[in-house]
Amino acid sequence: MNNFLSVEDVSDPMILVKAAINLKKDPYADSAIGKNKVLGLIFFNPSLRTRMSTTRAALNLGMQVISMNVTQDSWQLETADGAIMDQGKAEHIKEAAAVMGSYCDMLGVRSFPTLTNREEDYSEELINAFVQYGSVPVINLESATLHPLQSFADLMTIEEHKRVEKPKIVMTWAPHIKSLPQSVANSFAQWMNAVDSDLTITCPKEVELSPDFAGKAVIEKDQDRALEGADFVYVKNWSSYNDYGRIYDDESWTVSIDKLKNTNNAKLMHCLPVRRNVVIADDAMDSPNSIIQNQAENRLFTAQQVLKTIINKL
Ligand code: AN0
Ligand code: CP
């Protein structure tokens, strides 16, 4: 693995999950392999978990970390090829990525979609520019269309909590007040499709995901029917793919304890941050069936496994 941009960079996701579960037992086993290696974390958007877990993961491996919020601390970056740069953006990604790559041994990049131009977002122009001009391995910290570090932690958490070999996993859309990326949902579906899983996606027709990512998942428009017999219920909002970026906010889709009554005592998942009583009701958030904190905790071990795998290839 050179870059970690999507599950396609992983030769066997289940082997990587097993390695992360193993690493969790002894997180300091490789505390010297990152000596004199620097990880650059480049944020175009806010982050709590990704920033802290990836930083801690690097520290556990003996690396140093340089973190930067591009939109506050740096020059505004132009990405368009051939742009006449006589407006607000002072520096081109070609120079900026090359310079960052010269200071760091690998670069993590967080850059959300515009949610206004689908073609541009789905071309993953920005993160690909870091790959092209950065000349060092690039880690996706959530790009325009994918969030593989999250999905890796999700898969690890399911593996740790499953009670049957092939649990029924249901990803349900839930309402939100803002227009959110499809990245977490696309990426979760992509990872689930890459392993032997039983995935159902339930959402209103207005917010159907791109079939490129939904893949072979069962699509069920009726949320109650989808949730029947579920072992894991993964809740997430995303904006419309077809009417690109449009918010859809049907409050009847909020997940509460009552919604989970016909599941197989399902474990509840969400990537966080979550808006309580909009996306998930307090009674479900605070129920013993929630494994949301476990999911967040596993972001550390999965990030560490990714860094370790990349360091071993440097
Ligand atoms: C982001 C999203 O939905 O992609 C980040 C989730 C990890 N969520 C928000 O912006 C609330
Ligand atoms: N789940 C997740 O990626 O959280 P942050 O946006 O806080 O990093």
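The preceding data block contains the structure.
Residues numbered from 1 in each chain as written. Chains lettered and ligands numbered in written order. Predicted model: local features only at pLDDT ≥ 70, side-chain atom pairs only at ≥ 80, totals over all residues. Heavy atoms only, no water.

Points about the site of ligand 1
Okay, so step 1: Taken together, Phe112, Glu142, His147, Leu180, Pro181, Lys236, Leu272 and Pro273 are the residues near ligand 1.
Okay, so step 2: Between ligand 1 and Glu142 there is a distance of 2.5 Å, counted from an oxygen atom to a side-chain nitrogen or oxygen.
Okay, so step 3: In the environment of ligand 1, an oxygen atom lies 2.7 Å from a nitrogen or oxygen atom belonging to the side chain of Lys236.
Okay, so step 4: Relative to its free-state accessible area of 330 Å², ligand 1 is covered by the protein chains to the extent of 84%. (Near = heavy atom within 4 Å. Polar contact = N/O pair within 3.5 Å; in protein donor to acceptor, adjacent residues only side chain to side chain. Areas by Shrake-Rupley, 256 points an atom, 1.4 Å probe, with all protein chains shown as cover.)

Overview of the side chain of Gln182
Okay, so step 1: As for its placement among the helices and strands, Gln182 is situated in the loop between β7 (168-173) and α8 (183-194).
Okay, so step 2: Exposure remark for Gln182: the relative accessible area of 1% places this residue in the buried category.
Okay, so step 3: One polar contact links the side chain of Gln182 to the main-chain carbonyl oxygen of Ser240, over a distance of 3.2 Å.
Okay, so step 4: Each residue touching Gln182, except ones within four places of it in the same chain, is listed here: Leu115, Tyr122, Thr145, Leu209, Trp238, Ser239, Ser240, Tyr241 and Tyr244. (Helix = DSSP H or I, 4+ residues; strand = E, 2+ residues; numbered from the N terminus. Buried < 20%, exposed > 50% of the residue type's maximum accessible area, 1.4 Å probe, protein only. Contact = heavy atoms within 4.5 Å.)

Topic: the pattern of salt bridges
Okay, so step 1: In total, this model carries 16 salt bridges according to the counting rule given.
Okay, so step 2: The salt bridge partner of Lys94 is Asp81, with a shortest N-O separation of 2.9 Å. Remark: Asp81 occurs in the loop between β3 (77-78) and β4 (91-92) and Lys94 occurs in helix α4 (residues 93-103); sequence separation between them is 13 residues.
Okay, so step 3: Looking at Lys94, the relative accessible area reads 32%, which means it is partly exposed.
Okay, so step 4: For Asp81, a relative accessible area of 61% gives the class exposed.
Okay, so step 5: It is possible to trace a salt-bridge network through shared partners that takes in Glu159, Lys162 and Glu165. (Salt bridge = Lys/Arg side-chain N within 4 Å of Asp/Glu carboxyl O.)

Considerations on the site of ligand 2
Okay, so step 1: Residues in contact with ligand 2, as listed here, are Ser47, Leu48, Arg49, Thr50, Arg110, His147, Gln150, Cys271, Leu272 and Arg299.
Okay, so step 2: In this structure, Arg49 approaches ligand 2 through a side-chain N or O atom, which is 2.8 Å from an oxygen atom.
Okay, so step 3: For ligand 2, an oxygen atom lies 2.8 Å from a polar atom in the side chain of Arg110.
Okay, so step 4: When the free accessible area of ligand 2 is taken as 250 Å², the share hidden by the protein chains comes to 93%.

Points about the packing of helix α2 (residues 49-60) against helix α12 (residues 292-311)
Okay, so step 1: It is the contact of α2 with α12, at a shortest axis distance of 8 Å, that shows an interaxial angle of 50°. The orientation of α2 relative to α12 falls into the category oblique. Pair α2 / α12 crosses with right-handed handedness. Every residue of α12 that contacts α2 at Arg49, Thr50, Ser53, Thr54, Arg56, Ala57, Ala58 and Asn60 is listed here: Ala296, Arg299, Leu300, Ala303, Gln304 and Leu307.
Okay, so step 2: Looking at the contact of α2 with α12, its residues break down into 6 nonpolar, 5 polar and 3 charged. (Axes fitted to C-alpha atoms, helices over the stretch in contact; angles between N-to-C directions. Parallel < 35°, antiparallel > 145°, perpendicular 65-115°, else oblique. Left-handed = near helix turned anticlockwise from the far one by under 90°. Nonpolar A, V, L, I, M, F, W, Y, C, P; charged D, E, K, R; others polar.)

Focus on the sheet that holds strand β1 (residues 38-43)
Okay, so step 1: Here 4 strands make up an open sheet; going across it, the order is β2-β1-β5-β6 and the pairing parallel. Two strands bound the open sheet, and with one partner strand each, they are β2 (64-69) and β6 (138-140). When the angles between neighbouring strand axes are averaged without regard to direction, this sheet yields 20°.
Okay, so step 2: Most of the contacts of α2 go to β1, to which it runs at about 175°, and overall it touches β1, β2 and β5 (106-110).
Okay, so step 3: Here α4 sits on the sheet and contacts β1, β2 and β5; the angle it forms with β5, its principal contact strand, is near 135°. (Pairing = 2+ DSSP bridges.)

Considering unusual backbone geometry
Okay, so step 1: At the junction of Leu272 and Pro273, the peptide bond is cis and its omega measures out at 5° in the coordinates.
Okay, so step 2: With respect to the element layout, Pro273 can be found in the loop between β11 (267-269) and α11 (282-285).
Okay, so step 3: Here Leu115, not a glycine, exhibits a phi torsion of approximately 60°, which is positive.
Okay, so step 4: Tracing the backbone through its elements, the reader meets Leu115 in the loop between β5 and α5 (118-122).
Okay, so step 5: Despite not being glycine, Leu272 has its phi angle at roughly 65°, a positive value.
Okay, so step 6: Checked against the element boundaries, Leu272 lands in the loop between β11 and α11.

Let's talk about the packing of aromatic side chains
Okay, so step 1: Tallying each qualifying case throughout the model produces 9 aromatic pairs.
Okay, so step 2: For the pair Phe152 and Trp191, a centre-to-centre distance of 5.6 Å together with 10° between the ring planes defines the contact as stacked. Here the residue Phe152 occupies a position in helix α7 (residues 148-161), and Trp191 occupies one in helix α8, the gap between them amounting to 39 residues.
Okay, so step 3: Of the residues examined, Phe152 reaches a relative accessible area of 0% and is grouped as buried.
Okay, so step 4: Following the ring pairs from residue to residue traces out a cluster consisting of Tyr122, Phe213, Tyr241 and Tyr244.
Okay, so step 5: Across the ring face of Phe43, the terminal group of Arg51 is positioned such that the distance to the ring centre comes to 4.2 Å. (Phe/Tyr/Trp six-rings, centres within 6.5 Å; stacked < 30°, edge-to-face > 60°. Lys NZ or Arg CZ within 6 Å of the ring centre and 35° of its normal.)

Regarding the pairing of β1
Okay, so step 1: Most of β1 is tucked away, with 6 of its 6 residues classed as buried.
Okay, so step 2: Residues Val38, Gly40 and Ile42 of β1 are buried on one face, and the alternating residues Leu39, Leu41 and Phe43, pointing to the opposite face, are buried as well.
Okay, so step 3: Examined bridge by bridge, β1 and β2 share 6 bridges and lie parallel to one another. By the bridge assignment for β2, Val38 is matched with Gln64.
Okay, so step 4: With α2 bridging β1 and its parallel neighbour β2, the resulting β-α-β unit is right-handed.
Okay, so step 5: As judged from the 5 bridges shared by β1 and β5, these two strands associate in the parallel manner. (Right-handed = clockwise from strand over helix to strand, strands pointing away.)

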